[in-house]
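Residue strings, one per chain:
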Amino acid sequence: MNGKTRIDHAGLLEQINTATWVKSSRSSGGTNCVEIAFLPQLVCFRDSKNLDQQPLLFTTSAYDAFIGGLEQSELPL
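Residues numbered from 1 in each chain as written. Predicted model: local features only at pLDDT ≥ 70, side-chain atom pairs only at ≥ 80, totals over all residues. Heavy atoms only, no water.

Engineer: Account for the overall build of the protein chain, naming residues and giving values.
Structural biologist: When its secondary structure is counted, the protein chain shows two helices and four strands. Listing each helix as α and each strand as β along the protein chain from the N terminus yields α-β-β-β-β-α. A total of 77 residues make up the protein chain; the buried ones form 22% of that total. Sequence-distant contacts, at least 24 apart, represent 18% of the contacts inside the protein chain between residues at least 6 apart. Accessible surface for the protein chain amounts to roughly 6,300 Å². Of this, 52% is attributable to carbon and sulfur atoms. (Helix = DSSP H or I, 4+ residues; strand = E, 2+ residues; numbered from the N terminus. Buried < 20%, exposed > 50% of the residue type's maximum accessible area, 1.4 Å probe, protein only. Contact = heavy atoms within 4.5 Å. Areas by Shrake-Rupley, 256 points an atom, 1.4 Å probe, with all protein chains shown as cover.)

Shown next, in the form of structure tokens:
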């Protein structure tokens, strides 16, 4: 092994397809609809108006750092 994590793509796809997706409270039913799903080691975002497109995937640690930066006002809104 070279230190990289091996990804089970079929298993990941199954997790994404069966995940519980939650629509953002900021989505008004117009053209800006974002959904989020929390998997064991990933946080997924997708455009609910374009489900054919692959979701964006972030590790939980990257997502936590992003949210922490927002909460600490380290990132502009």
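Engineer: Give me the lowdown on the pattern of salt bridges, citing residues and values where you can.
Structural biologist: What the rule picks out here adds up to one salt bridge. A salt bridge links Arg 46 to Glu 35; the nearest nitrogen and oxygen atoms lie 2.6 Å apart. Taken together, the positions of Arg 46 in strand β3 (residues 42-47) and Glu 35 in strand β2 (residues 34-38) put the pair eleven residues apart, joining distant regions of the chain. (Salt bridge = Lys/Arg side-chain N within 4 Å of Asp/Glu carboxyl O.)

Engineer: Before we move on, can you summarise the packing of aromatic side chains with the specific residues and values?
Structural biologist: Evaluation of the coordinates by the stated rule reveals three aromatic pairs. Aromatic side chains Phe 45 and Phe 58 sit 5.8 Å apart centroid to centroid with 80° between the ring planes, which places their arrangement in the edge-to-face category. Of this pair, Phe 45 sits in strand β3 while Phe 58 sits in strand β4 (residues 56-59), and the two are 13 residues apart along the sequence. According to the relative accessible area criterion, Phe 45 is partly exposed, its value standing at 22%. Residue classification places Phe 58 among the partly exposed positions, given a relative accessible area of 37%. On the numbers, 6.1 Å between centres and 45° between planes, the contact of Phe 45 with Tyr 63 is tilted. One end of the pair, Phe 45, is in strand β3; the other, Tyr 63, is in helix α2 (residues 60-71), with 18 residues separating them in the sequence. Members of the aromatic cluster, connected to one another through ring pairs, are Phe 38, Phe 45, Phe 58 and Tyr 63. Looking at Arg 46, its charged tip hangs above the ring of Trp 21, at a distance of 4.0 Å from the centre. (Phe/Tyr/Trp six-rings, centres within 6.5 Å; stacked < 30°, edge-to-face > 60°. Lys NZ or Arg CZ within 6 Å of the ring centre and 35° of its normal.)

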